[in-house]
Amino acid sequence: MDRPTIIRKTAADLRVPPNLADYAATRAAFSWGAVRAELAGLPGGGLNIAHETVERHAQGVCRDRIAFRFLGANTSRDIRYGELSHLTSRFANVLKSLGIAKGERLFLLSGRIPELYIAVLGSFKNGTVVSPLFSAFGPEPIATRVNLGEGAILVTTELLYERKVAKIRDQLPTLRHVLLVGEGGQATNIPGTLDLGTLMTQAADDFAIVPTQAEDLSLLHFTSGTTGTPKGAMHVHGAVATHWATGKYALDLHADDIYWCTADPGWVTGTSYGIIAPLLHGVTSIVDEADFDAERWYRILAEQKVSVWYTAPTAIRMLMKAGAEIARKHSYPDLRFVASVGEPLNPEAVWWGKEVLGLPIHDNWWQTETGGIMIANTPAFDIKPGSMGRPLPGIEAAIVKKDAEDKVSLVETADTEGELALKRGWPSMLRGYLHNEERYRKCFAGPDNEWYLTGDLARRDADGYYWFVGRADDVIKSAGHLIGPFEVESALMEHPAVAEAGVIGKPDEMVGEVVKAFVSLKKGFEASDALRMELLGHARKKLGAAVAPKEIGFLPSLPRTRSGKIMRRLLKARELGLPEGDTSTLENA
Ligand code: AMP
């Protein structure tokens, strides 16, 4: 269907006065110092995310407001700001009693259960650095990350522990404690672990926050690159200023909102916008513990009276596939703003929102390294479907090009493709990759290294809207999750039949890209469907469903550069029947 290239907004689109009403004026007047002044700060000086998100409200007018409503299969549990203060203090006391010190790392492996949210905020109170793991990771990605991050303590569920951690426990030498959440709230009794519920009951419900400064570490989020091990992006307590500003401008949060962020806290959106930003603004968050289900999601939107909804393109495409009839079983009079992040949002999805929910979907852009939303479509402004929107107040973006010596220059002309860069200085910018200074340094370029290079290719149009073009590297985005090809290749190489492996993202209508692996076999092994199934099973067991390849192809040998690197780009071009581009560095060209 031919549709206009722009969705014009009028006053009728705004049910509440928008927090960002005058783009140019707000940007011009904006300062991060002014945002910092909006934050409370710790009573004795310093800054701590738990104080800003929980204590400030628990001691104020929001005390009895619902902070989180957790929806189980058939259950619902509300935690109010006052109660959240007590629960997170209990958790902080548990950490203290176990001798977990400020700056030590706590890993989390669970679904979206209350204990996860309590553990994140309780850890902040204790100055403990939180590193979330996705619950669909297999044992190998778990071990890699816990070891890289030198995890001192792991909080997980009885089920996940037995399935994924117990067998690799002896490979996690830095872990001093494992705290388990028992199934159905039952106490657990597994050797080498402690029952979290029991410890929480025994702990006191008040806790003096361990003083932290804005530059103290708060979160360690692992993300994937093209080569090598996952990168531990280090974030600080001061990032909370970005979460406050973006909660206000990009998500347009108002105090009486019912907000639903569908992201899992195993990934950065689920912590920055599933936990921190909504609490900062004192709103009520819905947390659905269940997996995606179209009927259930529409019911939640309607019954919970969700007003602001933050979700992802794959989820929207799955809703589209489920058909508009299911959506029309309900009405959504309370819904006033819908935003999406994580992968390109196709124009049809933006329009689908308008037609089925009565509201267009507002795409926004950011990444693990930026810690918060950088570029966004916001309620008051026209949408150009397919565009990620414009840089938020406090954010300076640019399109840059590198020359042969890796020097960057700004691209001033509109509609020209280049790498998306951000001027450093926003509070939630990563402060480094753990134990990998070199990789961190490579993220910056220009005079005084003032430009952070995002690794994304984009263009800016004459109106200042940014358009995503693709990744500059080989990482794969599948269902919104970033997957490093190297991690998948390494797991495949551990199989006795595999001589070499090359992994690509194969475009997929529903999830953006699926992981496809190509392998060549060692002497004595023959390609067959049985071996393909075996390799798929091997990878799934090691990596987990979120990371493992969905397809495997056999090749006699993989294309390599003369320096020995597998040419994933060429594998992809051949798979898709696209031009092979420059193959002059090909070993056997
Ligand atoms: P992650 O660090 O896992 O959050 O992934 C960040 C990456 O996801 C970005 O660098 C982009 O490649 C992609 N991404 C995030 N948001 C968008 C968007 N709105 N449109 C296109 N790609 C996006």
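Residues numbered from 1 in each chain as written. Predicted model: local features only at pLDDT ≥ 70, side-chain atom pairs only at ≥ 80, totals over all residues. Heavy atoms only, no water.

Colleague: What's the story with the overall build of the protein chain in this structure? I'm lost.
Modeller: Scanning the protein chain for helices and strands turns up 18 helices and 27 strands. The principal-axis extent of the C-alpha atoms belonging to the protein chain is close to 70 × 60 × 55 Å. Across the 589 residues in the protein chain, those meeting the buried criterion constitute 59%. Pairs at least 24 residues apart make up 70% of the contacts formed inside the protein chain by residues separated by at least 6 positions. (Helix = DSSP H or I, 4+ residues; strand = E, 2+ residues; numbered from the N terminus. Buried < 20%, exposed > 50% of the residue type's maximum accessible area, 1.4 Å probe, protein only. Contact = heavy atoms within 4.5 Å.)

Colleague: Looking at this structure, I do not really get the side chain of Arg460. What am I missing?
Modeller: Along the chain, the position of Arg460 falls in strand β21 (residues 451-460). Buried and unpaired, Arg460 has no salt bridge, with Glu412 as the nearest side chain of opposite charge at 4.8 Å. Arg460 has contacts with Ala398, Ile399, Val411, Glu412, Ala414, Asp415, Tyr465 and Tyr466, leaving out every residue within four places of it along the chain. (Lys, Arg positive; Asp, Glu negative; His and termini not counted. Salt bridge = Lys/Arg side-chain N within 4 Å of Asp/Glu carboxyl O.)

Colleague: Explain the site of the ligand here, please?
Modeller: Among the 16 residues in the neighbourhood of the ligand, the closest are listed as Asp363, Asn364, Gln367, Thr368 and Arg471. Within the backbone of Gly342, one N or O atom sits 3.2 Å away from a nitrogen atom of the ligand. One of the side-chain nitrogen or oxygen atoms of Asp456 is found 2.9 Å away from an oxygen atom of the ligand. Within the complex, the protein chains bury 96% of what would otherwise be the 490 Å² of accessible surface of the ligand. In terms of residue count, strand β14 (residues 362-365) provides more of the shell around the ligand than any other element does, three residues in total. Among the residues making up the shell around the ligand, the classes are represented as seven nonpolar, four polar and five charged. (Near = heavy atom within 4 Å. Polar contact = N/O pair within 3.5 Å; in protein donor to acceptor, adjacent residues only side chain to side chain. Areas by Shrake-Rupley, 256 points an atom, 1.4 Å probe, with all protein chains shown as cover. Nonpolar A, V, L, I, M, F, W, Y, C, P; charged D, E, K, R; others polar.)

Colleague: What exactly am I supposed to notice about the environment of Tyr440 here?
Modeller: Mapping Tyr440 onto the fold places it in helix α15 (residues 437-441). Each C-alpha atom, one on Tyr440 and one on Ala58, is 38 Å from the other, the two residues being 382 residues apart in sequence. Those residues in contact with Tyr440, other than ones at most four positions away along the chain, are Arg424, Met429, Leu430, Arg431, Gly432 and Tyr433.

Colleague: Is there a simple way to explain the packing of helix α16 (residues 485-493) against helix α17 (residues 529-543) in this structure?
Modeller: Two packed helices can be described by the angle between their axes and the distance between those axes. Between α16 and α17, the least distance of the axes is 9 Å, while the angle of their chain directions is 120°. Considered as vectors, α16 and α17 are oriented oblique to each other. The handedness of the crossing between α16 and α17 comes out as right-handed. Residues Glu487, Val488, Ala491 and Leu492 of α16 touch α17, and the partners they reach there are Leu535, His538, Ala539, Lys542 and Leu543. Broken down by class, the residue content of the contact of α16 with α17 amounts to six nonpolar, one polar and two charged. (Axes fitted to C-alpha atoms, helices over the stretch in contact; angles between N-to-C directions. Parallel < 35°, antiparallel > 145°, perpendicular 65-115°, else oblique. Left-handed = near helix turned anticlockwise from the far one by under 90°.)

Colleague: What is the right way to read the domain arrangement of the protein chain from this model?
Modeller: Many descriptions give the size of an interface as the accessible area lost when the pieces come together. Segmenting the protein chain into domains produces domain 1 (49-458) and domain 2 (474-576). Each of domain 1 and domain 2 has a C-alpha centre, and the two are 28 Å apart. The interface is formed by 24 residues belonging to domain 1 together with 26 residues belonging to domain 2. Counting each side, the surface lost to burial between domain 1 and domain 2 is near 1800 Å², with a carbon and sulfur contribution of 56%. There are two salt bridges connecting domain 1 and domain 2. Here Glu487 and Arg145 are joined by a salt bridge, their closest N and O atoms 2.7 Å apart. Our count for the domain 1 to domain 2 interface comes out at eleven residue pairs in polar contact (both at pLDDT 80 or more). (Domains from an automatic or database assignment. Buried area = accessible area lost by both parts, 1.4 Å probe.)

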